[in-house]
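# Examination of the molecular architecture
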Amino acid sequence: MSSPILLQMYECFSGFGQPARYVVNDLYPPEREEYEEMLGGKPREQIFSEDFGLVSWSPLPFLTPEAMGYMLPRLMELSVSEAKDRDGDLFMMRFINLISIGPDNAQFTLLESEHRSAIHAFLLFLDKNFHDLIESECWDEWLQEALQRWKNA
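The paragraphs below set out a description of the structure included in this document. (Residues numbered from 1 in each chain as written. Predicted model: local features only at pLDDT ≥ 70, side-chain atom pairs only at ≥ 80, totals over all residues. Heavy atoms only, no water.)

### Quick word on the packing of helix 4 (residues 91–99) against helix 6 (residues 140–151)
Under the convention used in this document: Fitted lines through C-alpha atoms serve as axes, helices being fitted only where they are in contact, and the angles separating the N-to-C directions of these axes extend from 0 to 180 degrees. Starting at the N terminus, helices and strands are each numbered in turn, a helix being any DSSP run of H or I of at least four residues and a strand any DSSP run of E of at least two. Should an angle fall under 35 degrees it is called roughly parallel, over 145 degrees roughly antiparallel, and 65 to 115 degrees roughly perpendicular, with every other angle called oblique. Should the near helix be turned counterclockwise from the far one by less than a right angle, the crossing is left-handed, whereas a clockwise turn marks it as right-handed. Pairs of residues are marked as contacts when any of their non-hydrogen atoms sit within 4.5 Å. Residues are sorted three ways: Asp, Glu, Lys and Arg are charged, Ala, Val, Leu, Ile, Met, Phe, Trp, Tyr, Cys and Pro are nonpolar, and all the rest, Gly among them, are polar.
One way to put it is that helix 4 packs onto helix 6 with a least axis distance of 9 Å and a crossing angle of 40°. Taken together, the axes of helix 4 and helix 6 lie oblique to each other. Crossing angle aside, the handedness with which helix 4 passes helix 6 is left-handed. Here Ile96, Asn97 and Ile99 of helix 4 lie close against helix 6, whose contacting residues are Trp142, Leu143, Ala146 and Trp150. Considering only residue class, the contact of helix 4 with helix 6 consists of 6 nonpolar, 1 polar and no charged.

Here's what the structure looks like:
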């Protein structure tokens, strides 16, 4: 994690401590428990892309707002590190998919303006430095949508 943008992201989100649980309570108990086990209560530095499961079976859409604030810098780091999910797909595309839902989603309710601005800056970084890759994976429209949603959030 020597990249200046990642150092900025970790600093920006440093106010979020490791939550007691990562997954929302109102999820069907067996699924919630399995998702919690996938993340294992580990600190974010010990969580890897494979820990987020498959596109179709993942704790990512069910992270609590506290967990999201805590995990965002790690998710950003994984997205630029050529990490792959359990299907062998680039985690960057999973990150774009997650963040493209925009700041109005319940997962982002604890983010303040500085956090939302940081997310927008990171999305600009992705667009500038990984545009061709994102386009070749057919996620460029999703990224543009995310940029618009986070621009003035």
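### Some thoughts on the packing of helix 5 (residues 113–136) against helix 6
Working note: a packed helix pair is described by the angle between its axes plus the distance between those axes. One can describe the packing of helix 5 onto helix 6 by two numbers: an axis separation of 9 Å at closest approach and a directional angle of 165°. As summarised for this structure, helix 5 and helix 6 are arranged roughly antiparallel, according to the angle between their axes. Crossing handedness for the pair helix 5 and helix 6: left-handed. Residues Arg116, Ile119, His120, Leu123, Leu124, Leu126, Asp127, Ile134 and Glu135 of helix 5 touch helix 6, and the partners they reach there are Asp140, Leu143, Gln144, Ala146, Leu147, Trp150 and Lys151. Class assignment for the residues of the contact of helix 5 with helix 6 results in 9 nonpolar, 2 polar and 5 charged.

### As for the environment of Gly69
Turning to its location among the elements, Gly69 is positioned in helix 3 (residues 65–79). The spacing of Gly69 and Cys12 is 57 residues in sequence and 10.0 Å in space, taken between C-alpha atoms. Not counting chain neighbours up to four residues away, the residues in contact with Gly69 comprise Phe13, Phe16 and Leu111.

### Looking at helix 5
The cut-off we apply is this: By definition here, a helix of n residues has an expected span of 1.5 Å times n minus one. Classification of residues uses two cut-offs on accessible area relative to the type maximum, computed with a 1.4 Å probe and protein chains only: under 20% is buried, over 50% is exposed, and between them is partly exposed.
For helix 5, which comprises 24 residues, the first-to-last C-alpha distance of 32 Å matches the rise-based estimate of 34 Å (1.5 Å per residue) to within 8%. Buried within helix 5 are the following residues: His115, Ala118, Ile119, His120, Phe122, Leu123, Leu126 and Ile134. Contact partners of the buried residues in helix 5: helix 1 (4–12), helix 3, helix 4 and helix 6. Once helix 5 finishes, Cys138 follows within two positions and takes phi at roughly 65°, a positive value.

### Some words on unusual backbone geometry
Backbone geometry at Glu82 places phi at a positive 65°, although glycine is not the residue there. Inspection of the secondary structure assignment puts Glu82 in the loop between helix 3 and helix 4. Unusually for a residue other than glycine, Cys138 sits at a positive phi of about 65°. Mapping Cys138 onto the fold places it in the loop between helix 5 and helix 6. For Cys138, a relative accessible area of 59% gives the class exposed.

### Focus: helix 4
The buried fraction of helix 4 is high, at 8 of 9 residues. Along helix 4, the residues classified as buried are Phe91, Met92, Met93, Arg94, Phe95, Ile96, Leu98 and Ile99. Residues of helix 4 that are buried sit in contact with helix 3, helix 5 and helix 6.

### Points about the nonpolar core
Where we set the bar: As used in this record, nonpolar core signifies buried Ala, Val, Leu, Ile, Met, Phe, Trp, Tyr and Cys residues forming a set joined through side-chain atoms within 4.5 Å.
Core analysis: the biggest nonpolar cluster contains 45 residues, and Phe13, Leu72, Leu75 and Leu123 have the highest contact counts within it. Secondary structure elements with two or more residues in this core: helix 1, helix 2 (29–39), helix 3, helix 4, helix 5 and helix 6. Sort the elements by how many residues they give to this core and helix 3 lands first, with 8 residues. Setting aside residues no more than four positions away along its own chain, Leu75 makes contact with Phe52, Leu60, Met68, Phe91, Phe95 and Leu98.

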